[in-house]
Each structure stands twice: as C-alpha cells, then as structure tokens.
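Listed below, chain by chain, are the residues.
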Amino acid sequence: TKPSEVTPAILMKSYACQRRTPLKHHNSVLTDALEILALNAEFTKNEGRSVAFRRAASVLKALPRGVRTMDDLKDLPCLGEHSLRVIKEILDAGTSSEVEWTRQSEQFQAMKALTGVFGVGVRTADRWFREGLRNHLDLIHKSQKLNRAQEAGVQYYNDLNTPVTKKEAMVITVIVEKAVNDVLPGAIITLTGGFRRGKEVGHDVDFLITHPDEGAEEKLMPKIVNWLEDQGLLLYQKTTRNSYLENKDGPARPACNMDRFERCFSIFKLERSKLDSDTRIEDSSYNSGVTDGTQTHSGSTWRAVRVDLVVSPYSQFAFATLGWTGSKLFERELRRWAGQEKGMSLSSHALYDSKQQRYLPANSEEEIFTLLGLEYIPPSERNA
Ligand code: DGT
Ligand code: MG
C-alpha cells in the first residue's frame, strides 16, 4: 500500500456547529489567505461569496494537522472550486496571486482602514471610498461630516485599533462587576465574545448581564451607565435596543420580551496604572490630566477600550450566552443548522420549533445543544 492509502480519512461534519474548532490550529497560512478573500467579498457586498470563503477556512481550522497536498483535502466539505484553487496555488507556490493582489489593492486597504474606525460600516466606508477618502486621517483633513460614534472612532483611533489584552479584559471585568453589583445586588455578569472562547486578545470586551429574578434586570442598563459615568469611566456610550434579530433572524423572539434586550456600545477609559497594580477600584480619582480631547498618546496614563454590555432577562440568559459567545461563523452555522436540519429558529433570545409551533425553553447552553440534536461544544472549541 502507498502511504496515502493508509492515512485515515478525516470525518469532517459539514456544519461548523457540529465540529470542534480550537483557537490554535495548523493551517493559518491557508486560512489567513481565505479570510482576506472573505473580507474583500464583504467589502464588495458579496455576502454569499464571503460566507463560502469563511466556511472553507473554518474547515481547515478544524483539521488535526497541516495540509500538505491537495490529497489531504479529499472528502472535506465546504471547499468550493474557488477556495481549492487558492489553496492549490499556495501549496504549489507559497502564495496566491489573487490574495496578494487583493491585499495590496487600493480599495481593500482603504475599506480596511475606513471600517477600522469605530462607528463605520461597509456601506459608509464604500461611499467614502468612492468620494476619494482613504483612511481615518482623511476624515479629519477633509472635514467629513461624522456622527457621534464616528467622532469617537476618529478621536480614539489608535487605542481602538490596539488589541485588547486578556489582562485588560480582566481589569474591566472587575470594574463592570463592581458597577453592576452596586446598582443591582445579585446580578450575574458573564464575559462573553472572544475572551470566553479563550482568545488572548480581542477588538473589544463583551459582557452579558442578567438577574435570577426575572424582571429585576429591567431598566438596569441606564443605572449601570450612570454609575460608570459618575466614576468618569466612560469616554463614549450609546444604549440601543437590540435590533440585530429583528433585521436578520425572523420570528425567534418572544413578542412579550421585545423591549427587554438592551445593548450598550461603549468606550471605557482604562487607567494604565490599574494594569500594573491590583485590580481593586476603591481609588476612583480618574483624572489623568490628559483630557485634551485629542488622540491619546502612548505616554498617556489611560487608554480607550471598546466594551459591549448586554442585559438579558434570566429566561433568555442561556440563549443570550450562546449567542454572544461566537464565533460569528459558529453562530451563523448554529442558526443554519436549526433552520435547515431541524425546522427550528434560533436567536439570542429563544428557540422556536416550527413543527410544534412553540418556543423550547432552556436553562443552559448544554440544553440548547441537546434541543438542537447537537453534541455539546464548549466555548474554547467554538473558534470556527
Ligand atoms: P473580537 O471582539 O473581535 O475579538 O471577537 P468576538 O468573537 O468577541 O466578536 P464580537 O465582539 O464582534 O462579537 C461577540 C459575539 O457576539 C460574536 O461572536 C457574535 C455576537 N454578536 C456580535 N454582534 C451581535 C449582535 O448585534 N447581536 C447578537 N445577538 N449577537 C452579536
Ligand atoms: Mg468581542
């Protein structure tokens, strides 16, 4: 027998939510390349193409070893013609001409820079690109009209584009716990997003907050925000009702809870001294002296950090935890699995069974996986 015939075939499930995807994997050269193409497809509003590249990359992340030859990819799902072509080029030549061309293109670089400004989405960035803007400095120099979020995005551009470390996330966790427990004793605070999946750095810090007494969480967000503002900890905040599901997820939201799910997009002012010393926050003299309203400098005593706060009713907490832990592709695949394979509709609020025409309650993430007929995947293996 030839060696290739004794290599055991890898049984790869086709939905990312059926697989374990660790944070560290063996194919980052290939997945980085495919994700450049995915991002570029997003920038050119080609959603289908973008998801196809992300699914292909995600399959490679779940492989137990590095891909060496095209033979290693036999029988793997989600690898379309285009992705295979890119992979082959990299295996043969070390790089893909399409990826390199994309990476260096003026449009890709400008879209990356412009969407890298907090408050700027693909649509706005695309309009600005066509008007001749290329990066955040152009927004200042050409006195572009900006909304309040974008103003903050420009002002704190460097800080917000400096990855948040786990240590910074822990310091912010202590602050948020103090704030929440001060205004509502007994509340539960969970760190979600990438840090819950074990990431070492992130673009923001995500928290989910609830209280075991259903209803006690109502009107909680303004109280938390006030507490933080009183302590001088917020550089920016905007509280909104969560509209994510209304846009994308259809009916999986109990109508009676329409107004309960609140989200606060914020920018924290994090004292650098908090990172060196202990993580207690008794000392609340947050006057750094560097509050001239311009970009923070490396010599500054504080730095700006993006923090997302979400408040959920206790009855939805398991769904919210699952929905806010990510990764984005894992979430998307969970919802696709629910819809296509189970005739159910999953959101960060609830799970609706279309056949039974009722909501299926759950008290833990484990229960939700069971209701969906899936093996439980822990957060650290949801890095799809
Ligand atoms: P990061 O922050 O770039 O290191 O990576 P993540 O995975 O923390 O991504 P992030 O912070 O954008 O979002 C955290 C998770 O929350 C994400 O995996 C999916 C979910 N998520 C993000 N935005 C929304 C939203 O508007 N509604 C809901 N329900 N979930 C969201
Ligand atoms: Mg995050």
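Cut-off values and rules
- Residues numbered from 1 in each chain as written.
- Chains lettered and ligands numbered in written order.
- Predicted model: local features only at pLDDT ≥ 70, side-chain atom pairs only at ≥ 80, totals over all residues.
- Heavy atoms only, no water.
- Salt bridge = Lys/Arg side-chain N within 4 Å of Asp/Glu carboxyl O.
- Helix = DSSP H or I, 4+ residues; strand = E, 2+ residues; numbered from the N terminus.
- Buried < 20%, exposed > 50% of the residue type's maximum accessible area, 1.4 Å probe, protein only.
- Donors = N, O, S within 2.8 Å, 3.2 Å for Na, K, Ca; no water.
- Contact = heavy atoms within 4.5 Å.
- Axes fitted to C-alpha atoms, helices over the stretch in contact; angles between N-to-C directions.
- Parallel < 35°, antiparallel > 145°, perpendicular 65-115°, else oblique.
- Left-handed = near helix turned anticlockwise from the far one by under 90°.
- Nonpolar A, V, L, I, M, F, W, Y, C, P; charged D, E, K, R; others polar.
- Core = buried A, V, L, I, M, F, W, Y, C linked by side-chain atoms within 4.5 Å.
- Domains from an automatic or database assignment.
- Phe/Tyr/Trp six-rings, centres within 6.5 Å; stacked < 30°, edge-to-face > 60°.
- Lys NZ or Arg CZ within 6 Å of the ring centre and 35° of its normal.
- Disulfide = S-S within 2.5 Å.
- Pairing = 2+ DSSP bridges.

**Student:** Please give an account of the pattern of salt bridges that cites residues and values.
**Tutor:** The tally for this structure, following the rule as stated, stands at 20 salt bridges. The shortest N-O distance in the salt bridge between Glu-47 and Arg-332 comes to 2.6 Å. With Glu-47 in helix α3 (residues 47-61) and Arg-332 in helix α17 (residues 328-342), this pair connects stretches of sequence that are 285 residues apart. With relative accessibility at 49%, the residue Glu-47 sits in the partly exposed group. When salt bridges that share partners are traced, they join Arg-20, Glu-375 and Glu-381 into one network.

**Student:** So what's going on with the coordination of the magnesium ion (ligand 2)? Which residues, and what values?
**Tutor:** Only Asp-204 (OD) and Asp-206 (OD) from the protein reach the magnesium ion (ligand 2) as donors, at distances of 2.0 to 2.1 Å. Neither Asp-204 nor Asp-206 differs from the other in exposure class; each is buried.

**Student:** Explain helix α6 (residues 106-115) residue by residue, including any values.
**Tutor:** Residues Phe-108, Ala-110, Met-111, Ala-113 and Leu-114 constitute the buried set of α6. Buried residues belonging to α6 abut α2 (28-43), α5 (97-104), α7 (122-130), α8 (136-141) and α10 (157-160).

**Student:** Outline the packing of α2 against helix α4 (residues 81-93), supporting the account with residue identities and numerical values.
**Tutor:** Geometry of a packed helix pair, given as the angle between the helix axes and the separation of the axes. Look at α2 against α4: their axes get within 10 Å of each other, and the N-to-C directions meet at 135°. Here α4 runs oblique to α2, going by the angle between their axes. Relative to α4, α2 is oriented so that their crossing is right-handed. Of the residues in α4, those touching α2 at Val-29, Leu-30, Ala-33, Leu-34 and Leu-37 are Ser-83, Val-86, Ile-87 and Ile-90. A per-class count over the contact of α2 with α4 returns eight nonpolar, one polar and no charged.

**Student:** Explain the nonpolar core to me, and be specific about the residues and the numbers.
**Tutor:** Counting residues in hydrophobic clusters, the biggest one holds 38 residues, and the most contacted among them are Leu-34, Leu-60 and Leu-139. Broken down by element, the residue count for this core peaks at eight residues, all from α2. Shared between two domains, this core takes at least three residues from each, and those domains are domain 1 (3-102) and domain 2 (110-155). With near-sequence residues (within four places) excluded, Leu-34 lies in contact with Phe-53, Ala-56, Ala-57, Leu-60, Ser-83, Val-86 and Ile-87. In this structure, Val-176, Leu-184, Leu-270 and Val-311 belong to the second largest nonpolar core, which totals 32 residues.

**Student:** Requested: an account of the environment of Phe-319, with residues and values cited.
**Tutor:** Relative to the elements of secondary structure, Phe-319 occurs in helix α16 (residues 317-325). Judged by relative accessible area, Phe-319 falls into the buried class, the value being 3%. In the structure, Phe-319 is positioned 48 residues away from Glu-367 in sequence and 9.9 Å away in space, judged by C-alpha atoms. Not counting the four nearest positions on each side in its chain, Phe-319 is found in contact with Leu-346, Ser-347, Ser-348, His-349, Ala-350, Leu-351, Leu-360, Pro-361, Ala-362 and Ile-368.

**Student:** Can you tell me about the packing of aromatic side chains, naming the residues and giving the values?
**Tutor:** For any two aromatic rings, the description comes down to two numbers: the centre-to-centre distance and the angle of the planes. A complete count under the given rule lists eight aromatic pairs for this structure. With 5.1 Å between their ring centres and 85° between their planes, Tyr-15 and Trp-337 make a pair best called edge-to-face. Residue Tyr-15 is located in the loop between α1 (3-6) and α2, and its partner Trp-337 is located in helix α17; the two are separated by 322 residues in the primary sequence. By relative accessible area, Tyr-15 is classed as buried at 5%. On the basis of relative accessible area, Trp-337 is assigned to the buried category, the value being 9%. With a centroid separation of 5.6 Å and an interplanar angle of 50°, the aromatic rings of Phe-43 and Phe-108 are classed as tilted. Of this pair, Phe-43 sits in helix α2 while Phe-108 sits in helix α6, and the two are 65 residues apart along the sequence. These aromatic residues form a ring-pair network of at least three members: Phe-330, Phe-369 and Tyr-376. The positively charged end of Lys-269 is found above the aromatic ring belonging to Trp-302, 5.2 Å away from the centroid.

**Student:** Please set out the state of the cysteines residue by residue, giving values where relevant.
**Tutor:** Think of a disulfide as a covalent bridge from one cysteine sulfur atom to another cysteine sulfur atom. All chains considered together, the criterion is met by zero disulfides. Cys-78 carries a free sulfur, and the closest cysteine sulfur to it, the one in Cys-17, is 11 Å from it.

**Student:** Let's hear about the sheet that holds strand β10 (residues 358-359): which residues, and what values?
**Tutor:** The strand order β8-β9-β10 describes an open sheet built from three strands, whose pairing is antiparallel. In this open sheet, the two strands that pair with only one neighbour each are β8 (344-346) and β10. Where β8 meets strand β9 (residues 351-353), three bridges bridge the pair, whose relative direction is antiparallel. Each bridged residue has a counterpart across the sheet, and for Met-344 the counterpart in β9 is Asp-353.

**Student:** Explain the packing of α5 against α6 to me, and be specific about the residues and the numbers.
**Tutor:** Interhelical geometry of α5 versus α6 gives an angle of 55° and a closest axis separation of 5 Å. With respect to each other, α5 and α6 are oriented oblique. Across the interface between the two elements, Thr-102, Arg-103 and Gln-104 of α5 pack against Glu-106, Phe-108 and Gln-109 of α6. Taken together, the residues of the contact of α5 with α6 break down into one nonpolar, three polar and two charged.

Geometry only, nothing functional implied.
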